[in-house]
Amino acid sequence: MPHQGEILQEAIKNSGISITRIVEELGITRPTIYRKFKDETLDYAFVKRIGDIISHDFSNDFTLPQQASLPFVTSGYNVTPVTPITNRHSVTPSSVSLTDQDYAKQLMVLQNKYIALLEAYNELLLKVYGPR
């Protein structure tokens, strides 16, 4: 199974857009992008920027284990509200009714919120300071 760098390289090749144009728009060197093609996991912002340049949506290209490291594929998840982990009053062991599955759901919801905030922050930084 190809890793993220290989998937990225194949998508660029299939797009017909030259590596030269991509590295110029990204403000990086050719050796840098070729090193990225060898990486098993890639930074979300980097993949998104290349996707914007070649007009490609990478959210369908990565398998489930690979999706865990790329936050843009969370759109497929239905985020449902879950009961809070702790109540404002003291919780005794007999009153705890949440299962491990409930905790996992809550952690996923929190992770998705955290990632969304990081994405918004990164976009704001790009608007203010521009690409490197």
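So, a few notes on the structure that sits alongside this text. Since we're looking at a predicted model, the values are computed, not measured. (Residues numbered from 1 in each chain as written. Predicted model: local features only at pLDDT ≥ 70, side-chain atom pairs only at ≥ 80, totals over all residues. Heavy atoms only, no water.)

1. Considerations on the overall build of the chain
Then step 1. Looking only at helices and strands, the chain features 6 helices and 0 strands.
Then step 2. When the helices and strands of the chain are listed from N to C terminus, the series reads α-α-α-α-α-α.
Then step 3. Taken over 132 residues, the chain has a buried fraction of 28%.
Then step 4. Across the chain, the fraction of contacts at a sequence separation of at least 24, relative to all contacts at a separation of at least 6, is 62%. (Helix = DSSP H or I, 4+ residues; strand = E, 2+ residues; numbered from the N terminus. Buried < 20%, exposed > 50% of the residue type's maximum accessible area, 1.4 Å probe, protein only. Contact = heavy atoms within 4.5 Å.)

2. Description of the packing of helix α1 (residues 4-15) against helix α3 (residues 30-38)
Then step 1. Put simply, α1 and α3 touch, their axes get as near as 6 Å, and they point 125° apart. With respect to α3, the axis of α1 lies oblique. The segment α1 lies against α3, with G5, E6, L8, Q9 and I12 engaging I33, K36 and F37.
Then step 2. Looking at the contact of α1 with α3 residue by residue, the class counts come to 4 nonpolar, 2 polar and 2 charged. (Axes fitted to C-alpha atoms, helices over the stretch in contact; angles between N-to-C directions. Parallel < 35°, antiparallel > 145°, perpendicular 65-115°, else oblique. Nonpolar A, V, L, I, M, F, W, Y, C, P; charged D, E, K, R; others polar.)

3. Here's the deal with a nonpolar patch on the surface
Then step 1. Taken together, the side chains of L124, V128 and Y129 make up a nonpolar region of the molecular surface, amounting to roughly 360 Å² of accessible area.
Then step 2. With respect to the element layout, Y129 can be found in helix α6 (residues 100-129). (Patch = residues over 30% accessible without salt bridge, like charges linked within 9 Å, V, L, I, M, F, W, Y side chains within 5 Å. Areas by Shrake-Rupley, 256 points an atom, 1.4 Å probe, with all protein chains shown as cover. Salt bridge = Lys/Arg side-chain N within 4 Å of Asp/Glu carboxyl O.)

4. Quick notes on the packing of α1 against helix α4 (residues 44-54)
Then step 1. Relative to each other, α1 and α4 sit at 10°, their axes nearing to 10 Å. Our classification of the angle between α1 and α4 gives roughly parallel. Only F46, I50 and I54 of α4 make contact with α1, whose side of the interface consists of L8, A11, I12 and S15.
Then step 2. For the contact of α1 with α4, the class distribution of residues is 6 nonpolar, 1 polar and no charged.

5. Examining the environment of L8
Then step 1. As for its position among the elements, L8 is in helix α1.
Then step 2. Put simply, L8 and K38 are 30 residues apart on the chain and 9.9 Å apart in space, counted from C-alpha to C-alpha.
Then step 3. In this structure, L8 is in contact with F37, L42, F46, I50 and F58, ignoring residues within four places of it in sequence.

None of this, on its own, says anything about what the molecule does.
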